[in-house]
Each structure stands twice: as structure tokens, then as C-alpha cells.
Amino acid sequence: MAFHVEKNYKNLAESYLFAEIARRVAAWQERNPEVSDQLIRMGIGDVTRPLPKSVVEAMKKACDEMGTPEHFHGYGPEQGYDFLKGAIQKYYARFDVTLNLDEIFISDGAKSDLGNILDLFDKDNTVLVTDPVYPVYVDTNVMDGRKILYAEATEENDFLPMPEEKYKADIIYLCSPNNPTGAVYNREQLKKWVDFALENQSIILFDSAYECFVTEDLPHSIFEIEGAKKCAIEFCSFSKKAGFTGTRCGYTVVPEDLVFDDASINKFWLRRQTTKFNGVSYVVQRGAEAVFTEQGEKEIEENIAYYKENAKIITDVLDELGIYYTGGKHSPYVWMKCPENSWKFFDNLLEKCYVVGTPGQGFGKSGEYFFRLTAFNTHENTREAMARIREYLSK
Ligand code: PLP
């Protein structure tokens, strides 16, 4: 007898992208100390605006409550308090999506749930992800040893791959608005994915972490699509919506209609969460509830408008230069075509413009000639970075 590790962990690729970016930036800073304070980071996926005031006030009030014998809260329901689930339920009603409170599960963020949901799924299931892709979908499945297929997102399909015979898989990941490309599926396109999943008895894992950036008549939720409750789970987050990246709160919608192998996925998830998770703190859930108040919504709208203004500063320059891109309008990410290999472009932007972005290649093979710029910065920095990039690309 001897202890053994989970061998699949040996199959994980080194978490190369952000480590490599940090290494190259540090080396550049060492070589260029005199200009190193001019560096502008346009690569980060973390928000930069602080928490909305109404969220802070709600959390302060909840903290005070926790210090009184009458209002102290100990262990809460693992799946979240009804006050927050009720606020989310009302939010979905705006998109004509009716959810029962038992279909909403509060968590410490979308990333955890995206990984944890796999506890419920057989390891022999095949997986479809788009390429480029948010790396969490890939790595969590590599850890379990599942076979992964890639649907290429390219300029030809506007970075929105559609169902094809060769993409038949048991688990289908869709992220819309997409990280890294910023591309958004419309209702007709999502309907095709829902029909494809229903036809093949697949499950769709729909990541709507960036739904708050969606405007016009584009879907916020896959449950706006008929039939989706029979084939999809939705993961959402307060991270980008309300600046909760460090505060941690999200939610997952698991419909009661979701039944495979005569098993209710909703019941399985409840069982999993009540066994392995002890819920999000009362204070944080009160903060998240404030996101849906009139004042909270106003403050959040201002923050999102601020980021979108940055995205516009970026895309205006790309339009002026005639450079192809996706995203920006319904997303904090702009996915631009670069004139050279994306790592080469990264080095050139760093050396010549003192600007850091994210090479598309780090998100998958299809990203080799693309580059991700993010709107999470100040207007001043975004303007300055784009002025430098304009000058460099005009030469
Ligand atoms: N899903 C996508 C597509 C993301 O880009 C991110 C974070 O960047 C997450 C999920 C993680 O969200 P959370 O902070 O709620 O864990």
C-alpha cells in the first residue's frame, strides 16, 4: 500500500500566461528603470473601480447586526439567504425568466462553481470549449481526465462558433459576453445551441459573468431561450457587475427541469453544496443584495458606463487605424487583430509603448494573431495607452 496522487494533475499545462507576462514585464522594468513608472497595464481582468457606496453601507450595517445578540447570524443556508435569492429572482424576471428560489444557489463566485459543478458529472463525458477560452474550463476538466474538443472562434465566424456535427459533446461550455473575445451570442444563435444540446442530450454550462455589460436586445441569460431549462446551468458573478472580485459572491442557476439519468441535477447540486460548502457570509450577501437596490443599480450603471467609455476609447483608435476587433461594446474586453504573432506584439508594445496587454495565444491556438486589451483602467491611462499604440501602429 502507498499513497498516490491524482495523476491527472500531471497533465495540466503550466499556468504559463500571466506568469510569463509578469516575467517579461519585470525584466523590462529592470532594463528600463527610468521609464518604468510610465508603464500602463491594459491586460488585467480585475476591476479597478471601488465597491459601490450602497454595497459598502449595506455591509457595514450587516457587520453591526453581527455584533448584537438579536441579529447575530451563525451558519446560514449553504445555498444562500432568501433575501438575496429573491433579489436575483426579480432581476431575472426583467428578462422574462421565471425562476424558483430553489433554482438559485449563492456562492463565493463563478470560478468555484464552474469547477465544483464537475463533481456531479461522469468523468467519461466529453467536453466542448471554444478556442480561445477562459482557461478554467479546460484545466478543471483536465484535472478530471475528460476528453476536450475545441470549437474554433475565428474572424470568419465573428468569434462565435456555432453547433456542428464534429462538436457533439456531452458538456458544452458557452461564455457570452465572452472572455477573452468580448463577442456576444444573439438569441437565434443561442437557440441553435440549445436545440443542439437537447437533440444530443448534452448539458450546456453557460457563463454569464459579463452579462451586466450587455445592452440593446441581446440575451443576458440562456434561460431567455426556450428549452434551456432542460439543458443548461448558468453561472454568474458579482465580480464584474459590482466590483466583488475581492469581496467574493456569485450565483448559479440550476433549473429543476434539468434531469439526466433519472437524476435531478438541482438535487445533486444541493446535496453537493450542503455537504462541501458552508455558504457565503451574511455580511457579503447583504452587500450583494444592495446591488439590486435603486441606488445600487445607479452606482453600478455609472461604473459600467465608465469601463465602457474606456472600451470606446480603445475601439475608436482601432476603427481609425482600420484594425479588426471584436468586443468592447457589450464587454470590458477588446480582442484586436495584431500585425504579428501575439507574443511578438506583446514585446513590441512593452518595448515601444510601455503598454502591457494579453497575448491571444495564451487563451488558445486561435488567439495566435490576436491581442486582448481591457477596459479596466482610468480614462487617462486608457487615452494615453491608445495614443501610444496609435503612434506605434501608424508607423
Ligand atoms: N468566468 C469568466 C469568463 C471570467 O472571466 C471570470 C473572471 O475573470 C470568472 C468566471 C470568475 O468570476 P468570479 O470572480 O465570480 O469567480
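1. Some points on the site of the ligand
Taken together, 14 residues form the shell around the ligand, and within it Asn 179, Asp 207, Tyr 210, Ser 237 and Ser 239 come nearest. In this structure, Asp 207 approaches the ligand through a side-chain N or O atom, which is 2.6 Å from a nitrogen atom. With respect to the ligand, the side chain of Arg 248 contributes an N or O atom lying 2.8 Å from an oxygen atom. Of the pockets mapped on this structure, the ligand occupies the largest pocket. Elements represented by at least two residues in the shell around the ligand include exactly helix H4 (110–116) and helix H7 (239–242). For the shell around the ligand, the residue count by class is six nonpolar, four polar and four charged.

2. Looking at the sheet that holds strand E14 (residues 358–359)
Taken in spatial order, the four strands line up as E11-E12-E15-E14 in an open sheet, and their pairing is antiparallel. The sheet is open, and its two borders are formed by strand E11 (325–327) and E14, each paired with just one other strand. In terms of strand pairing, strand E12 (residues 333–337) meets strand E15 (residues 370–374) through five bridges, oriented antiparallel. When the bridges of E15 are listed, Val 334 appears paired with Leu 373. Helix H11 (residues 342–353) contacts E12, E14 and E15 of the sheet and is inclined by roughly 45° relative to E15.

3. Remarks on the environment of Asn 278
Within the secondary structure, Asn 278 sits in the loop between helix H8 (265–276) and helix H9 (282–290). Along the primary structure Asn 278 and Ser 107 are separated by 171 residues, whereas in three dimensions their C-alpha atoms are 9.4 Å apart. Among residues more than four places away in sequence, those in contact with Asn 278 are Tyr 75 and Glu 78.

Conventions and cut-offs
Residues numbered from 1 in each chain as written. Predicted model: local features only at pLDDT ≥ 70, side-chain atom pairs only at ≥ 80, totals over all residues. Heavy atoms only, no water. Near = heavy atom within 4 Å. Polar contact = N/O pair within 3.5 Å; in protein donor to acceptor, adjacent residues only side chain to side chain. 1 Å grid on protein atoms, 1.4 Å probe; cavity = no way out; pocket = protein on both sides within 12 Å on 5 of 7 lines; lining within 4 Å. Sits in = over half its atoms within 2 Å of the grid points. Helix = DSSP H or I, 4+ residues; strand = E, 2+ residues; numbered from the N terminus. Nonpolar A, V, L, I, M, F, W, Y, C, P; charged D, E, K, R; others polar. Pairing = 2+ DSSP bridges. Contact = heavy atoms within 4.5 Å. Axes fitted to C-alpha atoms, helices over the stretch in contact; angles between N-to-C directions.

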